[in-house]
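Reading the structure
One letter stands for each residue in the lines below.
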Amino acid sequence: MDSRPAATSAELCYWSQPAAAVLDALHSSSSGLSADSARARLQRDGPNQLRPHQAAPAIQLLLSQFKNPLVLILVFATVVSAFAREWIDASIVLLIIVGSALLSFRQEYHATRAIDALRARVSLTASVLRDGQACSIPVSAIVSGDIVLLTAGSLVPADGLLLTAKDCFVTEAVLTGESFPVEKQPGVVAQTALLAERSNCLFMGTSVRSGTATMVVTQTGRRTIFGQLAERLVLQAPATQFERGIRHFGLLLTQAMVIMVLLIITINTLAAKPAIESLLFAIALAVGLAPELLPAILSMTLAHGAQRMAAQGVIVRQLSAIENFGSMDVLCTDKTGTLTEGSVCLDAALDPDGQPAADVLHAAALNALLQTGLSNPLDAALVAAAAQIDPSDQRKIDEIPYDFERKRLSVVVAEADGARRMITKGALEPLLAICTHMQPSAASARDSQASQPHVPPMRLDSQRRAALVAQYEEWGAAGFRVLGVAVKALDGAAAPQRYTRADEQELTFIGYLRFRDPPKADARATINDLAQLGVQIKVITGDNRRVAQYVARQVGLAAEPILTGADLHMLSDEALWHSAEQTSLFVEVEPQQKERIIQALRKMSHVVGYLGDGINDAPALHAADVGISVDSAVDVAKEAATFVLLNHDLRVLHDGIQEGRQTFANTLKYIFTTTSANFGNMLSMAAMSLFLPFLPLLAKQILLNNFLSDVPAMSIASDSVDRELIERPRGWDIGFIRAFMLWFGLASSAFDLLTFGLLLFVFHSAPEIFRTGWFVESLLTELVIALVVRTRRPFYRSRPGRALWRSTLLIGSITLALPYLPLSDLLGLQPLPPGLLLALLGITAAYVAAVELIKRLFYRRYALSPSAAVPQPAPKRDHGQRHVQP
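Fair warning: this is a prediction, and the values are worked out from it, not measured in the lab.

This part is about the overall build of the protein. Secondary structure summary: the protein contains 31 helices and 25 strands in total. Across the 886 residues that make up the protein, the buried fraction comes to 56%. Expressed as a percentage of contacts within the protein between residues at least 6 apart in sequence, the contacts between residues at least 24 apart total 76%. Accessible area of the protein: about 37000 Å², with a carbon and sulfur share of 58%.

This next bit is on the packing of helix H29 (residues 767-789) against helix H31 (residues 834-861). Interhelical geometry of H29 versus H31 gives an angle of 30° and a closest axis separation of 10 Å. Crossing of H29 against H31: the hand is right-handed. Seen from H29, the contacting residues are Ile769, Gly773, Glu777, Leu780, Thr781, Val784, Ile785, Val788 and Val789; seen from H31, they are Leu836, Leu840, Leu841, Ile843, Thr844, Tyr847, Val848, Val851, Glu852 and Lys855. Grouping the constituent residues of the contact of H29 with H31 by class yields 13 nonpolar, three polar and three charged.

The subject of this paragraph is the side chain of Ser718. By the secondary structure assignment, Ser718 is in the loop between helix H26 (699-713) and strand S24 (721-722). In this structure the side chain of Ser718 is engaged in a polar contact, spanning 3.1 Å, whose partner is the backbone oxygen of Ser715.

One broad trend across soluble globular proteins is that nonpolar side chains are buried collectively. Counting 85 residues, the largest nonpolar core has Phe325, Leu331, Ile598, Ile628 and Phe643 as the members making the most contacts within it. Listed in part, the 59 residues of the second largest apolar core include Leu692, Leu818, Leu829 and Leu837.

Strand direction decides the pairing type here: strand S14 (residues 435-438) and strand S17 (residues 507-516), joined by three bridges, are parallel. Within S17, the position partnered with Met438 by the bridge is Phe509. The sheet contact formed by S14 and strand S15 (residues 458-459) spans two bridges and is antiparallel. Its bridge partner lying in S15, His437 is registered against Arg459.

What follows concerns the sheet that holds strand S9 (residues 330-333). Taken in spatial order, the eight strands of this open sheet run S8-S23-S22-S21-S9-S18-S20-S19, and their pairing is mixed. Of all strands in the sheet, those with a lone pairing partner are strand S8 (314-316) and strand S19 (562-564), marking the two edges. Averaged over neighbouring strand pairs, the angle between their axes works out to 20° when direction is ignored. Note that strand S21 (residues 608-611) and strand S22 (residues 626-630) share three bridges and pair parallel. Across the sheet, the residue bridging to Tyr610 is Gly627, located in S22.

Take helix H28 (residues 734-762) next. For H28, spanning 29 residues, the distance from its first C-alpha to its last is 40 Å, which sits close to the expected 42 Å at 1.5 Å a residue. The positive-phi residue at the C-terminal boundary of H28 is His764, with phi of around 45°.

What follows is about the pattern of salt bridges. Pairing between side chains becomes possible if they bear opposite charge and their charged atoms approach one another. This model, assessed by the stated rule, comprises 26 salt bridges. Between Arg130 and Asp146 there is a salt bridge; the shortest N-O distance is 2.8 Å. Of the two residues, Arg130 is situated in strand S1 (residues 125-130) and Asp146 in the loop between strand S2 (133-138) and strand S3 (147-151); the sequence distance between them amounts to 16 residues. Residue classification places Arg130 among the buried positions, given a relative accessible area of 15%. You can call Asp146 buried: its relative accessible area is 0%. Here Glu399 ties to Lys396 by a salt bridge, and the two come within 2.6 Å at their closest N and O atoms. For Lys396, a relative accessible area of 29% gives the class partly exposed.

Attention now moves to the packing of H29 against helix H30 (residues 802-817). As a packed pair, H29 and H30 sit with axes 10 Å apart at the nearest point and diverge in direction by 170°. The angle between H29 and H30 falls in the class roughly antiparallel. Between H29, through Val776, Leu779, Leu780, Leu783 and Leu787, and H30, the contact on the second element is made entirely by Leu804, Thr808, Ile811, Gly812, Thr815 and Leu816. Its residues assigned to classes, the contact of H29 with H30 shows eight nonpolar, three polar and no charged.

Attention shifts here to the environment of Ile562. Tracing the backbone through its elements, the reader meets Ile562 in strand S19. Residues Ile562 and Ala580, 18 residues apart in the sequence, show an inter-C-alpha distance of 9.4 Å. Filtering out sequence-adjacent residues up to four positions away, Ile562 remains in contact with Arg545, Gln549, Asp567, Thr583, Leu585 and Val587.

A separate point is a nonpolar patch on the surface. Taken together, the side chains of Leu742, Trp743, Leu746, Leu853 and Leu857 make up a nonpolar region of the molecular surface, amounting to roughly 450 Å² of accessible area. Given the relative accessible area of 40%, Leu857 is considered partly exposed.

One can find Thr564 in strand S19. Look at Thr564 and you get buried, because its relative accessible area is 4%. C-alpha of Thr564 to C-alpha of Ile540: the two residues are 24 residues apart in sequence and 9.6 Å apart in space. Apart from the residues lying within four places of it in its own chain, the contact partners of Thr564 are Arg545, Val587 and Glu588.

Here the focus is the environment of Pro519. Looking at where Pro519 falls in the secondary structure, it is placed in the loop between S17 and helix H18 (523-532). For the pair formed by Pro519 and Tyr550, sequence separation is 31 residues and the distance between their alpha carbons is 9.6 Å. Not counting residues within four places of it along the chain, the set of residues in contact with Pro519 comprises Leu339, Thr340, Glu341, Gln554 and Val555.

What follows covers the packing of aromatic side chains. Scanning the model with the defined rule gives 22 aromatic pairs in all. Residues Phe325 and Phe643 carry aromatic rings whose centres are separated by 4.4 Å and whose planes lie at 40° to one another, so their mutual orientation is tilted. Residue Phe325 is located in helix H12 (residues 322-327), and its partner Phe643 is located in strand S23 (residues 643-645); the two are separated by 318 residues in the primary sequence. Residue classification places Phe325 among the buried positions, given a relative accessible area of 0%.

Here the focus is unusual backbone geometry. The omega angle of the peptide bond from Glu560 to Pro561 is -5°, so this bond is cis rather than trans. Of note in this structure, Glu588 is not a glycine but carries a positive phi near 50°. You can see Glu588 is positioned in the loop between strand S20 (585-587) and helix H22 (591-603). Even without glycine at this site, Ser605 takes up a positive phi of about 70°.

Looking at the protein as a whole, its pLDDT mean stands at 81, while 81% of the residues score no less than 70. Confidence over residues 864-886 falls short of pLDDT 50; this stretch has 67 contacts with residues more than four positions distant or in other chains.

Scoring rules and cut-offs
- Residues numbered from 1 in each chain as written.
- Predicted model: local features only at pLDDT ≥ 70, side-chain atom pairs only at ≥ 80, totals over all residues.
- Heavy atoms only, no water.
- Helix = DSSP H or I, 4+ residues; strand = E, 2+ residues; numbered from the N terminus.
- Buried < 20%, exposed > 50% of the residue type's maximum accessible area, 1.4 Å probe, protein only.
- Contact = heavy atoms within 4.5 Å.
- Areas by Shrake-Rupley, 256 points an atom, 1.4 Å probe, with all protein chains shown as cover.
- Axes fitted to C-alpha atoms, helices over the stretch in contact; angles between N-to-C directions.
- Left-handed = near helix turned anticlockwise from the far one by under 90°.
- Nonpolar A, V, L, I, M, F, W, Y, C, P; charged D, E, K, R; others polar.
- Polar contact = N/O pair within 3.5 Å; in protein donor to acceptor, adjacent residues only side chain to side chain.
- Core = buried A, V, L, I, M, F, W, Y, C linked by side-chain atoms within 4.5 Å.
- Pairing = 2+ DSSP bridges.
- Expected span 1.5 Å × (residues − 1).
- Salt bridge = Lys/Arg side-chain N within 4 Å of Asp/Glu carboxyl O.
- Parallel < 35°, antiparallel > 145°, perpendicular 65-115°, else oblique.
- Patch = residues over 30% accessible without salt bridge, like charges linked within 9 Å, V, L, I, M, F, W, Y side chains within 5 Å.
- Phe/Tyr/Trp six-rings, centres within 6.5 Å; stacked < 30°, edge-to-face > 60°.
- pLDDT = per-residue confidence, 0-100.

Set out below in structure tokens:
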């Protein structure tokens, strides 16, 4: 294969050309491209992505730290100050700005790289032909001319023309708005055919609902139909509760900041204070109030949490969804692989009377060996149980793939003598609906052979049909998964080469397949542990009620009441809202009903997680607050999920939920610190600047104060978390945060005013000593308040993380030493008299005691529900914590 430029989609109009002509124009063939040709095309055309993801260069990330409008205004004001010959002050302010940017850059850089590494672990792949051999490659490596092999559940990775298809139904709603799957077949359509009329084409962004197909890729990346739409329409996922909360928090602080800055500039101008100094002071005050490190701290905290969750086997695909993960109070899941071992084994192949039957096993094994659709554990169990069967004497003629409407799969084989037969296996009751006869049991056949050499199939009347179903239900109540097997003799001479669903009629039922998938040994304990975390398990399965009830009883779930798919059809949406809350088992559910159950639970104010790995799980994964899939899931399910489990295990989910709650708790700690000490200090300075004949702090001192207090904040991501913070689901509550800001901010301001009184009326401090004393006191209170408000307990009963207390101790020591260092004059600081220093330390200690008292009153006043941002009281004798070392 060569890598000469292929004809473009517009030039080729590939849907109106024969497949051979399209392959020739693309310089490809039905055996695919060579590895060298594909490599050259990838280099020429670029990766198969809508927006190729590239890690932002370090310099770009560094420059982005200066995009904050407040920082830009401050830089501008500093330049103006330099032109006014305030060289030293301007240089110091610029140094602090650069230092803050570097600190933020360092954290964000490491967080970004860590998340990129995690996301790479769950990238999508596709099966293509290279050098004539099927191989799996990253979707981004697909090029024009590639031959792609698709099965049920595959995401179509690019635009292309069908070469082969078998019962291929594709969901194209993302492009055409058509909610029902459409059938695709090879062929030629008119050049003027609209997108929805191109029945011989597959398009990026769509997914294969059922069947199999092979296509040649004609367009990749932004050149696809989906890519062209994406260029004109930027699709953005709905904001998570966490993102909305952060936005509301930012608006709250912005409102307070704008009012404060405008008031200060206006009054200081009227008081004829130095204009440039007043401008710098006002802007620095705004910077001090604004949590400018919030993006970096959020990135770092979420990345740190994502890494910890990855260590527990949970890969995070959307960082902002971590809070939803921790807030989840209902988890909906299928039972297979979650509550059960997932290692399905064939218990027996039985005739209609329930006796072991080798011919049933042989027919079912042929069906499993020869089918080319979606792999599944039932087929794998059949193949393992019939390893001695050699299918080489059976020639496969055709296949009718499995789909979720028919719930069966058929293969047509030719025997050595040329005779053909259809072998069908699937869910028992839909299978019996297309059967008209039943094969006699082995015992009945022996009894009849005395009178006639060949025993014909028996008519499947209503009595026999009821007996078969009764046997099936008895096994289901014992926990067995049961399928049926049926056959049909076909006329080899007159038979067609292609068979369709219409040929699945007048079959002969030959027996049962009985599978066992035992409950996991630790499932009951894990469900109890999840209940202790406030997470309720609800099972949504297509299996029959008896199997589901058996498993539920084994793992400790309520087996009553249940809702079946038929019940759901009868319930109105409003009735389902209330019934869904009271029900733990949803059985015999149709694929489209899963999404309706999720929506009903969300209507009742639950934060709903959904764990799914199948083709029909994508809508429910999208509808849930927390979409969870597994690494072995089909593409369409994995792409719809926000979290991917490396192991299909509830224990992994349990540990991941704890990590998610810990991450959210640490995020709130920074916000609580910002809304208490920062707000109080800035409010006090703004108020005092209106009455003092001098500014209470210089701009460079405010910025230095802000910079130093942010250093310990960077270690919050690794802080230990009180156990009660992870025992119940938590949600974002901006009203609670507003109240917290007022209570603790005003408390901080009260002690600031006490400090001002001490400096002015007791020690009669000059402006330089006043600023130094206030600088030391405000920074010390900001440091200690972080240790106090990080926990609802008394601070001495909640041990902070090692990095947090060490960095707090270090910055506290630097704060006390700064006025005595040689460069203190440049910062406008002066050595403090020993008596004043002791008095400031006493005020700080009194502030800690007062905040402890206020904290107790505050949490008593704001009695919180389990869904509030801050938890209920912990049990009095429970001092447990989760410790995370930095």
